[in-house]
Amino acid sequence: MASLSQLMENEVFMAFASYTTIVLSKMMFMSTATAFYRLTRKVFANPEDCVGFGKGENAKKYLRTDDRVERVRRAHLNDLENIVPFLGIGLLYSLSGPDLSTAILHFRLFVGARIYHTIAYLTPLPQPNRALAFFIGYGVTLSMAYRLLKSKLY
Amino acid sequence: MASLSQLMENEVFMAFASYTTIVLSKMMFMSTATAFYRLTRKVFANPEDCVGFGKGENAKKYLRTDDRVERVRRAHLNDLENIVPFLGIGLLYSLSGPDLSTAILHFRLFVGARIYHTIAYLTPLPQPNRALAFFIGYGVTLSMAYRLLKSKLY
Amino acid sequence: MASLSQLMENEVFMAFASYTTIVLSKMMFMSTATAFYRLTRKVFANPEDCVGFGKGENAKKYLRTDDRVERVRRAHLNDLENIVPFLGIGLLYSLSGPDLSTAILHFRLFVGARIYHTIAYLTPLPQPNRALAFFIGYGVTLSMAYRLLKSKLY
């Protein structure tokens, strides 16, 4: 267990663990938001989901798409597309021994940008709010990838 | 190599490695299922995929959507949305030194719930089979996130 | 910090870190490609994105789908579906102490196959170019999963 306790005593890795858990929990919230809009607006993708709302042809009318639901789904997919690279690159970056304050700046910017992206997408706020939030998160991940490849390329 | 062999001798981490490999292999199976339905039902998304099935206008009729294919794709996307948080949070949770039996309970519940979710989605079983499977997996990930943030918040 | 420097001195892990960073950066490029096509072709998914291109009803005509944009989005989703299992299984495989040359062969084949998959999808090249690239990446991940489960099943 020696190596594990050493890993969890490493401050950069601890910070990465905390911020990753926060940003992944935020992403999981999107599933709940989709379910909430599907149920309150009665918009479903599967016939078996509508059964409780009517019978036969009456239930089929709930098999439709809705602007609000599609918006949440796009925000969720954008989260996936951006959090997966952060997860992989961030983990390797944390293990490459970066400066603690630099690392925390990266993690905080990313988590803040993704939370702001969700708010800007779901409200919706006028552009360029969402685009800005997207590019900050994107830039943070690229900056970590650059440092990783520069110092540690095999 | 000392730290690596210690990592792989850690029982919680070994259990995480095994269950993660199983659930990711299950997710990869969804790609094969999509390909299977696309080929047997001749439903394609790209013009270049239809070339073997006819020429010119005749091939274009296979550029369509199909309930069965869309169902597999939704199940696959739901897998992605739920397995990515499990991957990130589960890895950090495994490294945070949890009780072995508690950890294994979490991993088994998650893998079981996701396999049942796929069966419920593809059969399809009547609700609330799928919803239940989804919420068990969701709850397991949230429980790991809660324990991680409680004990290790930076 | 002892265990961390040992981890980063491990050649297999270093190789995994480098190739993962490359393949994730490639995946992030897909976001830029989507944005590029959306802006040059004026094809948007959200009303707030069109505001700069016209007012009222005039702007709404840009809320449409486009073959080119949908193609990039499908390529991006396929990347996600295949790189997530590689990320999880590859990380655990790297830590399980495989032969260095075997591991590097796996990583190089995967990264090469995914880059070729993107080229084949976006050009588009006739089939079976894309299918072949897909199955090479898929096979590499399955091969790592098999070795992991064979040697390390809990």
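Calculation rules
- Residues numbered from 1 in each chain as written.
- Chains lettered and ligands numbered in written order.
- Predicted model: local features only at pLDDT ≥ 70, side-chain atom pairs only at ≥ 80, totals over all residues.
- Heavy atoms only, no water.
- Contact = heavy atoms within 4.5 Å.
- Buried area = accessible area lost by both parts, 1.4 Å probe.
- Salt bridge = Lys/Arg side-chain N within 4 Å of Asp/Glu carboxyl O.
- Polar contact = N/O pair within 3.5 Å; in protein donor to acceptor, adjacent residues only side chain to side chain.
- Helix = DSSP H or I, 4+ residues; strand = E, 2+ residues; numbered from the N terminus.
- Nonpolar A, V, L, I, M, F, W, Y, C, P; charged D, E, K, R; others polar.
- Axes fitted to C-alpha atoms, helices over the stretch in contact; angles between N-to-C directions.
- Parallel < 35°, antiparallel > 145°, perpendicular 65-115°, else oblique.
- Left-handed = near helix turned anticlockwise from the far one by under 90°.
- Buried < 20%, exposed > 50% of the residue type's maximum accessible area, 1.4 Å probe, protein only.
- Least-squares fit on C-alpha atoms with pLDDT ≥ 70 in both.
- Expected span 1.5 Å × (residues − 1).
- Core = buried A, V, L, I, M, F, W, Y, C linked by side-chain atoms within 4.5 Å.
- Phe/Tyr/Trp six-rings, centres within 6.5 Å; stacked < 30°, edge-to-face > 60°.
- Lys NZ or Arg CZ within 6 Å of the ring centre and 35° of its normal.

Colleague: Hey, could you run me through the interface of chain C and chain A in this one?
Modeller: Size of an interface, as often reported, equals the accessible area lost when the parts are brought together. Taken together, the contact between chain C and chain A spans 37 residues of the former and 32 residues of the latter. For the chain C and chain A pair, buried surface summed over both sides reaches about 3000 Å², with 70% attributable to carbon and sulfur atoms. Between chain C and chain A we count 0 salt bridges in total. In this structure, the connection of chain C to chain A is made through 2 residue pairs in polar contact (both at pLDDT 80 or more). The leading source of residues in the side of chain C that touches chain A is helix α2 (residues 11–41) of chain C, at 17 residues. Looking at the side of chain C that touches chain A residue by residue, the class counts come to 24 nonpolar, 9 polar and 4 charged.

Colleague: Honestly, the packing of helix α2 (residues 11–41) of chain B against helix α5 (residues 67–95) of chain B in this entry has me stumped. Any pointers?
Modeller: Helix packing geometry: the angle between the two helix axes and the distance between the axes. All names here are of chain B. It is at 10 Å that the axes of α2 and α5 come closest, and there the two elements cross at 165°. Here α2 lies roughly antiparallel to α5, going by the angle between them. Relative to α5, α2 is oriented so that their crossing is left-handed. The class makeup of the residues in the contact of α2 with α5 is 18 nonpolar, 6 polar and 6 charged.

Colleague: When you look at the pattern of salt bridges in this model, what are you seeing that I'm missing?
Modeller: Oppositely charged side chains may form a pair once their charged atoms are brought near each other. All names here are of chain C. All told, the structure shown has 9 salt bridges over all chains when counted by the stated rule. In this structure, R73 and E70 form a salt bridge, with 3.5 Å as the shortest nitrogen-oxygen distance. Residue R73 and its partner E70 are both found in helix α5 (residues 67–95); the two are separated by 3 residues, about one turn of the helix. By relative accessible area, which is 31% here, R73 ends up partly exposed.

Colleague: Whenever I open this one, the interface of chain C and chain B confuses me. Can you help?
Modeller: The interface of chain C with chain B comprises 32 residues on the first partner and 36 residues on the second. Taken together, the connections running from chain C to chain B amount to 0 salt bridges. Viewed at the interface, chain B and chain C are joined by 2 residue pairs in polar contact (both at pLDDT 80 or more). A total of 12 residues in the side of chain C that touches chain B trace back to one element, the largest contributor, which is α5(C).

Colleague: Would you explain the relation of the copies chain C and chain B in this entry?
Modeller: The second copy of the chain is related to the first by a rotation about an axis and a shift along the axis. Once turned by 120° and shifted 0.0 Å along the axis, chain C lies on chain B with an RMSD of 0.0 Å. Such values leave the two copies arranged in the relation of a three-fold axis. Mapped onto chain B, only 19% of the interface residues of chain C again fall at the interface, so the copies present different surfaces.

Colleague: Sorry if this is basic, but what is going on with the relation of the copies chain C and chain A here?
Modeller: For the pair chain C and chain A, the superposition axis carries a translation of 0.0 Å, the fit reaches an RMSD of 0.0 Å, and the rotation angle comes to 120°. Residue by residue, only 16% of the interface of chain C is reproduced at the interface of chain A, so the copies engage with different surfaces.

Colleague: Teacher, can you tell me more about the side chain of A:S31 here?
Modeller: Mapped onto the elements, A:S31 comes out in helix α2 (residues 11–41). Among all residues touching A:S31, those that are not within four sequence positions of it are A:H76, B:F134 and B:Y138.

Colleague: Before we go on, may I ask you to explain α5(C) in this structure?
Modeller: Compared with an ideal rise of 1.5 Å per residue, which puts 29 residues at 42 Å, α5(C) spans 42 Å between its outermost C-alpha atoms and is within 8% of the ideal. Where α5(C) ends, the next residue or the one after it, C:G97, has phi of about 70°, a positive value.

Colleague: So what exactly am I meant to see when it comes to the nonpolar core here?
Modeller: Inside soluble globular proteins, nonpolar side chains tend to come together where they are buried. Residues A:F107, B:F107 and C:F107 are the most contacted members of the largest nonpolar core, which totals 87 residues. Residues in contact with B:F107, not counting those within four places in the same chain, are B:V12, B:A15, B:F16, B:Y19, B:F86, B:Y93, B:S94 and B:M144.

Colleague: Even after reading the chapter, I still don't get the packing of helix α5 (residues 67–95) of chain A against helix α6 (residues 100–122) of chain A, so can you show me in this structure?
Modeller: All names here are of chain A. Viewed as axis vectors pointing N to C, α5 and α6 meet at an angle of 175°, and their least axial separation amounts to 10 Å. Of the possible angle classes, the one that applies to α5 and α6 is roughly antiparallel. Here α5 contributes R68, R71, V72, R74, A75, N78, D79, N82, I83, F86, Y93 and S94 to the contact with α6, which in turn contributes T102, A103, H106, F107, F110, R114, H117, T118, Y121 and L122. For the contact of α5 with α6, the per-class residue count stands at 10 nonpolar, 7 polar and 5 charged.

Colleague: Would you mind going over the packing of aromatic side chains with me for this structure?
Modeller: In this description, a pair of aromatic rings is defined by centroid distance and the angle of the planes. By the definition in use, this model includes 30 aromatic pairs over all chains. Consider the rings of B:Y19 and B:F107, whose centres lie 6.4 Å apart with planes at 45°: the pair is tilted. A residue pair is termed long-range when its members are at least 10 positions apart, and B:Y19 in helix α2 and B:F107 in helix α6 (residues 100–122) qualify at 88 residues. Assigned by exposure class, B:Y19 and B:F107 land together as buried. Seen in terms of ring centroids, C:F134 and C:F135 are 5.1 Å apart; in terms of plane orientation they differ by 80°. Their pairing is edge-to-face. For C:F135, a relative accessible area of 49% translates into the label partly exposed. It is A:R130 that lies over the ring of A:Y121; its NZ or CZ is 4.2 Å from the centre.

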